[in-house]
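An overview of the molecular structure
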Amino acid sequence: MNYVDLDPALQPLIESYLESADRELLAPVLTALGADAAQRLAPLSDVADKNPPRLEQFNREGDRVDTIDYHHSYQELQKAAYEEYGLSALSHRGLHGWDDVPPHLVKYILSYVFVQAEFGLACPVSMTDAAARTLRKFGDGEQIAEAIDRLISTDSDHRFTGAMFMTEIHAGTDIAQTSTVAERDGENWALSGRKWFASNPDADIILTLARFPGGDDTTRGVGLFMLPKHRPDGTKNSYVIDRLKDKLGTRSMPSGEVTLNGAYAVQVGALERGFRQMAEMVNTSRLSNAMRATALMRRSINEALAHARQRVVFGKALIEAPLMRMTLLPLQAEAEAALGLVFYAGDMLQKADAGDASAAAQIRVLTPLAKHYICKRARFVTGEAMEVRGGRGYIEEFPDARLVRDSHLGSIWEGSSNVIALDVLRCIRKQNTHQLLAETMTQKLNTITLAEAGPETRELLTRWTAIVDRGDVILSAEPDAAEALIGGYADDLAQLIMATLLLEQADAEVSRDDNFRKLLVARTFIGSNITADENAVVDTLSHFENIVDGQAVPRSAVSTGVVPTPAPVA
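In what follows, the accompanying structure is described. Every value quoted in this text rests on a predicted model; they were computed, and no experiment measured them. (Residues numbered from 1 in each chain as written. Predicted model: local features only at pLDDT ≥ 70, side-chain atom pairs only at ≥ 80, totals over all residues. Heavy atoms only, no water.)

1. With respect to a positive patch on the surface
A contiguous patch of positive charge, built from Arg-220, Arg-273, Arg-276 and Lys-430, is present on the exposed surface. Tracing the sequence through the fold places Arg-276 in helix α7 (residues 274–310). Its relative accessible area of 52% is what places Arg-276 among the exposed residues. (Patch = residues over 30% accessible without salt bridge, like charges linked within 9 Å, V, L, I, M, F, W, Y side chains within 5 Å. Areas by Shrake-Rupley, 256 points an atom, 1.4 Å probe, with all protein chains shown as cover. Salt bridge = Lys/Arg side-chain N within 4 Å of Asp/Glu carboxyl O. Lys, Arg positive; Asp, Glu negative; His and termini not counted. Charge placed at Lys NZ, Arg CZ, Asp CG, Glu CD. Helix = DSSP H or I, 4+ residues; strand = E, 2+ residues; numbered from the N terminus. Buried < 20%, exposed > 50% of the residue type's maximum accessible area, 1.4 Å probe, protein only.)

See the structure below:
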């Protein structure tokens, strides 16, 4: 089994977004990881989930050590992620045949396949990557340079892992309430306080927030600091892990409560810009959250399809039942639409880093939009897929229950859904990004030459006009009303982006391969999510196998009929 071969959307998107030289370098490592994830890493993840890490606070001499004992299955997963595939280093150095840094999409593609096997470890991997990026952008000095060098290393004896300690009991969403304090200690700082939810708490390099002397009581009074596990002289830094969390999901990876007792720390960037600088790490992790949620969807659908094919009910395979197909096909479309948005966001991040102002504005809003919508939908998709397996899916011997448990964290990590929606509102208020997105997506739709996509294209163009008007109304509304409306608006905006990208990809696949499969996927997604038209989905069921297996669909199989009357535009 190979997870890459089971994914009908992945290779065509790679063909559309990556240059040929990058595709050639990616192909062998992607094929190897696809097989490795399915055959070795997924079973290791099942074992690691049932053997969570244990905190050893004291050694036998009575000394405080705060070491975390990991099961060997998790250690093997760590070796694969950090060393064999270099997932945390791919955005920072040449690997797998690249002389220079590969495009960001290479990291997201490989991580997407890896997460289908193991979700929990992907959090430390993402934070390690994001910590290196943040330190590189805002830090300076020899200690920070060494930290970056070790965070992006794939050498088992040299590499570091990263973490971010933000959450406090009263300062999760409201960072201005951060109570951890920083006091000058020579050229550096001493931090004291409690961090209440710290994933990967035994990381080598931690980025954290603390109030600094003379700072005001807003987020401008919170500075960003690098907290190493060890002081420069090699001694253990002055903080302790109080306990590990008993969590619903991500049981393989430790999260804990940490108390800082005058811990040695190095200032990162300007003190009064600490929160804004930490936002760089948070936003990078948020986009990774969307990617991970997409991977959970893909794995859960694979499991549901495998079960439906072999389960015989009333004398025929379950997958032949029309209602089962009507259940599975929208899930397939949901996962493909999510993957398309992840690809587009990764591409925008690449262009933003290269200085493209429009891409920078887009990725600023695409990141919270993707996290807000995809992470919530992953809870639904994994739950529906688990139900396909019935009672077997609910028991822990199968992976479905773990996928459901893990899926709930995406909407909580790095800001719960309401926090993320308010971030979308800030983007729209600051840069009118709803208009920028509409202009960008409308341009994409207007360049589609595929006649068979005409009805869907016209439908989306109409809805883009309407959603810009809705955004303008939200901007002119009273603050309380705007906040109340932004959650639903963010979801609708994300769906329109995803539908547009599906049609764009459908046009590309027809032009490149004369394959109309993606158009059927787009019709399924639009019927399920945009127009609420079940008949549009029913019309695609006759090509169910082609869609879920990635088989080609000829032009003769696709009608150019008018889209049925849609639901009214809100």
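2. Focus: the side chain of Thr-161
Examined against the element boundaries, Thr-161 turns out to sit in the loop between α6 (142–151) and β3 (162–165). What makes Thr-161 buried here is its relative accessible area of 8%. In terms of polar contacts, Thr-161 uses its side chain to reach the side chain of Asn-200, at 3.3 Å. When neighbours within four sequence positions are excluded, Thr-161 is seen to be in contact with Tyr-82, Thr-128, Leu-151, Asn-200, Ala-203, Asp-204 and Ile-205. (Polar contact = N/O pair within 3.5 Å; in protein donor to acceptor, adjacent residues only side chain to side chain. Contact = heavy atoms within 4.5 Å.)

3. Topic: the packing of helix α14 (residues 454–476) against helix α16 (residues 517–530)
Between α14 and α16, whose axes approach to 11 Å, the crossing angle comes to 40°. Put simply, α14 runs oblique to α16. Like other packed secondary-structure pairs, α14 and α16 cross with a definite hand, here left-handed. Here α14 contributes Glu-456, Leu-460 and Arg-463 to the contact with α16, which in turn contributes Leu-519, Arg-523, Ile-526 and Ile-530. Each residue belonging to the contact of α14 with α16 can be placed in one class, and the counts come to four nonpolar, no polar and three charged. (Axes fitted to C-alpha atoms, helices over the stretch in contact; angles between N-to-C directions. Parallel < 35°, antiparallel > 145°, perpendicular 65-115°, else oblique. Left-handed = near helix turned anticlockwise from the far one by under 90°. Nonpolar A, V, L, I, M, F, W, Y, C, P; charged D, E, K, R; others polar.)

4. A few points about the pattern of salt bridges
Across all of its chains, the model carries 40 salt bridges by this definition. For Arg-402, the salt bridge is made with Asp-46, and the minimal N-O distance between the two is 2.9 Å. With Arg-402 in helix α11 (residues 400–407) and Asp-46 in helix α2 (residues 20–50), this pair connects stretches of sequence that are 356 residues apart. One salt-bridge network, in which partners are shared between bridges, spans Asp-36, Arg-40, Glu-76 and Glu-84.

5. As for the environment of Glu-257
Locating Glu-257 in the fold gives a position in strand β9 (residues 255–267). Residues Glu-257 and Leu-6, 251 residues apart in the sequence, show an inter-C-alpha distance of 40 Å. Among all residues touching Glu-257, those that are not within four sequence positions of it are Arg-194, Lys-195, Trp-196, Val-240, Ile-241, Asp-242, Arg-243 and Lys-245. A polar contact is formed between the side chain of Glu-257 and the side chain of Arg-243, at a distance of 2.7 Å.

6. What about unusual backbone geometry?
With a phi close to 45°, Thr-250 is a non-glycine residue in the positive phi region. Tracing the backbone shows Thr-250 in the loop between β8 (239–244) and β9. Not every positive phi belongs to a glycine, and Asp-514 is a case in point at roughly 55°. Positionally, Asp-514 belongs in the loop between α15 (479–513) and α16. Judged by relative accessible area, Asp-514 falls into the partly exposed class, the value being 45%.

7. Details of helix α12 (residues 417–431)
Between its first and last C-alpha atoms α12 spans 21 Å; for 15 residues at 1.5 Å apiece the expected length is 21 Å, and the two agree. Considering only its buried residues, α12 is in contact with α7, α9 (357–388), α13 (433–446), α14 and α15. Positioned one or two residues after α12, Asn-432 has a phi angle of 50°, which is positive. (Expected span 1.5 Å × (residues − 1).)

By themselves, these observations are geometric and do not establish any function.
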